[in-house]
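One-letter residues, chain by chain:
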Amino acid sequence: MKITPNRPFGLVLEPENPGDDIRDLDVEQVRELLWKERLIVLRGFRTFSEPEEFPAYCERWGQISIWPFGKVLELLEQNNPEDHIFDNNYVPLHWDGMYRPQVPEYQIFHCVKAPLQGQGGRTTFSDTVRVLEHAPAHHRALWEQATGSYQRKMEFYDSKTVSPIVDTHPLRGYPVIRYNEPPKAGFGNFLNPPTLAFSGADEAQLHSSLRDALYAPENFYAHEWQAGDVVVADNFSLLHGREGFETKAPRHLRRVHVLSNPPLDNPRLVSHQ
Ligand SMILES: [Fe+2]
């Protein structure tokens, strides 16, 4: 495979010969790269023609986290959605599994259909390890004092999570940021938003400094999808979200959560139903 840097972080892996099958790659080798780089884009490989082939591939990465809907989340715009995940608006930065009993280590996405150029809908990633490395000492000190409290009720749970903004990577021991960004001011149409509260630091300063750092070009990557792309992200180190997209744009992603080995019981979950 061909390995090239993805800017500003991560790697792009492409086949030596167009159409080489993704299943011929050594998952342990890709896992090793992900461990170092935190985001892997696999582009140009032959991928999955039947829906069940995708979770079958993900099983090679580890134990799949099972949701009430099964192993695979179909990310598709819905008519009259009950939750912002299924509309076409922007999704603020967050980490996956924050409201679940176990937090997945990996998110694996497969792009079935991609929006056309100019229609938006990029998946956004912020590398919080880089954010902390680049942060001036006074910002870091501010973040280290702060705690976020998050409550969310949706179809699959009614949960509360309380986490320090600067937390520790559960496997690596280095500091990471755990933060669910409040919807941007003036954004009036956010369906079923979580209830957020922050303590320990001046809120306005906290949000503006975090947002500036998380979205700074040296820490932030927005993935523009092409059909067939597979993206693997380190959910313990990165935060992610989504850009808005044109309604009815052909955007269809599938997403699987893979647990660490052993699975990580959510250290910050306060209540869950
Ligand atoms: Fe998410």
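This text follows the structure it describes.
About the cut-offs
- Residues numbered from 1 in each chain as written.
- Predicted model: local features only at pLDDT ≥ 70, side-chain atom pairs only at ≥ 80, totals over all residues.
- Heavy atoms only, no water.
- Pairing = 2+ DSSP bridges.
- Helix = DSSP H or I, 4+ residues; strand = E, 2+ residues; numbered from the N terminus.
- Axes fitted to C-alpha atoms, helices over the stretch in contact; angles between N-to-C directions.
- Core = buried A, V, L, I, M, F, W, Y, C linked by side-chain atoms within 4.5 Å.
- Buried < 20%, exposed > 50% of the residue type's maximum accessible area, 1.4 Å probe, protein only.

Peer 1: Got a minute to help me understand the sheet that holds strand β10 (residues 157–164) in this structure?
Peer 2: Across a sheet, paired strands are connected by hydrogen bonds in the backbone, their directions being either parallel or antiparallel. Spatially, β13-β9-β10-β19 is the arrangement adopted by the 4 strands of the open sheet, whose pairing is antiparallel. A strand with exactly one partner marks an edge of an open sheet, and here the two such strands are β13 (195–199) and β19 (269–272). Between one strand axis and the next, the sheet turns by 10° as a mean value, whatever way the strands run.

Peer 1: In this structure, what is going on with the nonpolar core? I would like to understand it.
Peer 2: Looking at soluble globular proteins, one finds that nonpolar side chains tend to be buried together. By size, the foremost hydrophobic cluster in this structure holds 28 residues, and its most contacted members are Trp143, Tyr150, Ile165, Ile177, Tyr179 and Leu210. Mapped onto this core, the elements with two or more residues apiece are α3 (128–134), α4 (137–144), β9 (147–154) and α5 (203–214). Examining the composition of this core, we find that 4 residues originate from one element, α5, more than from any other.

Peer 1: Any chance you could explain the sheet that holds strand β16 (residues 238–242) here in plain terms?
Peer 2: Overall, antiparallel pairing links the 4 strands, which are arranged β5-β16-β8-β14 in an open sheet. Looking at which strands have only one partner, the edges of the open sheet turn out to be β5 (91–94) and β14 (220–223). Taking each pair of neighbouring strands and ignoring which way they run, the sheet shows an average axis angle of 15°. Direction of pairing for β5 relative to β16: antiparallel, over a ladder of 2 bridges.

Read these as spatial facts, not as claims about activity.
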